[in-house]
Amino acid sequence: MARYFDVHPVNPQPRSIRQVAEIIRDGGLVAYPTDSGYAVGAQLGNPQAKQRILDLRRLDERHHFTLVCADFAQLGKFVHVDNAVFRAVKAATPGRYTFILPATKDVPRRLLHPKKKTVGVRIPDHTVVHALLAEIGEPLLSSTLLLPDQERPLTDGWQIKEDLDNSLDAVIDAGECDDEPTTVVDLSDGVAEILRYGAGDPALFE
């Protein structure tokens, strides 16, 4: 059964955040709210996390996983960012975008796209996420909580707890969040290609 944490959306209780962080460090899979729907997250070094997320969302190995980062300095450790890409990404973060970029050696090989050797990165604009990232001290391996039979990400923490109780180890509920997923922009070749139109304004990359 998943543990349920009801946290304040602006001032999340430190004790709850610490408990969720401990579940993640112990290998748990957690549903958490973002500025663009719910996501599922796990520790970057967790060897079982990738398969658990793929099974939950019924995805194949070509799925681009996302590293949810606290800030630009952390993001720059895990992906290669040249000057032109730096300016483009900096202008859009924090915000409702996911960027596909070439991964550095700090990203475990198993998490890379099998052909491109890329990974998704994102800096959300959400207080609860940043509190969790500060407690963990590293990015979260994440994927949008978009189930195979649905068109929008899940948005209600208690409903997620009810529906996915046996698939998750914890659920953070900070009230309802937006149900539109991020705009996904592939910048791996230095030229912006929008792979998914979502909550982030695509005009910045068109």
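Description of the structure in this document. As the structure is a prediction and not an experimental result, all values here were calculated from the model.

1. Observations regarding the nonpolar core
No. 1: Ranked by size, the top nonpolar core spans 44 residues in total, and within it L67, F99, L145, I160 and L168 carry the most contacts.
No. 2: Contributing elements (two or more residues each) for this core: β3 (37–43), α2 (49–57), α3 (72–78), α4 (83–91), β5 (97–102) and β6 (118–122).
No. 3: Here the element with the most residues in this core is α2; it accounts for four residues.
No. 4: With residues up to four places along the chain from it excluded, the contact list for L67 reads L44, F78, V107, V119, G120, V121, R122, P139, L140 and L141.
No. 5: The next biggest cluster of nonpolar side chains, apart from the first, holds 20 residues, and it includes F5, V20, A39 and V68.

2. What about the sheet that holds β6?
No. 1: Read from one edge to the other, the open sheet built from 10 strands follows the order β1-β8-β2-β3-β7-β4-β6-β5-β9-β10, with strand pairing classed as mixed. The open sheet has two free edges, formed respectively by β1 (3–6) and β10 (193–196), since each of these has just one partner strand. Direction aside, the axes of adjacent strands within the sheet are offset by 35 degrees on average.
No. 2: Sheet analysis places strand β9 (residues 183–186) next to β10, joined by three bridges and oriented antiparallel. Note on β10: the bridge partner recorded for V184 is R196.
No. 3: Most of the contacts of helix α1 (residues 14–25) go to β1, to which it runs at about 150 degrees, and overall it touches β1, β2 (30–34), β3, β7 (140–144) and β8 (170–173).

Criteria and thresholds
Residues numbered from 1 in each chain as written. Predicted model: local features only at pLDDT ≥ 70, side-chain atom pairs only at ≥ 80, totals over all residues. Heavy atoms only, no water. Core = buried A, V, L, I, M, F, W, Y, C linked by side-chain atoms within 4.5 Å. Buried < 20%, exposed > 50% of the residue type's maximum accessible area, 1.4 Å probe, protein only. Helix = DSSP H or I, 4+ residues; strand = E, 2+ residues; numbered from the N terminus. Contact = heavy atoms within 4.5 Å. Pairing = 2+ DSSP bridges. Axes fitted to C-alpha atoms, helices over the stretch in contact; angles between N-to-C directions.

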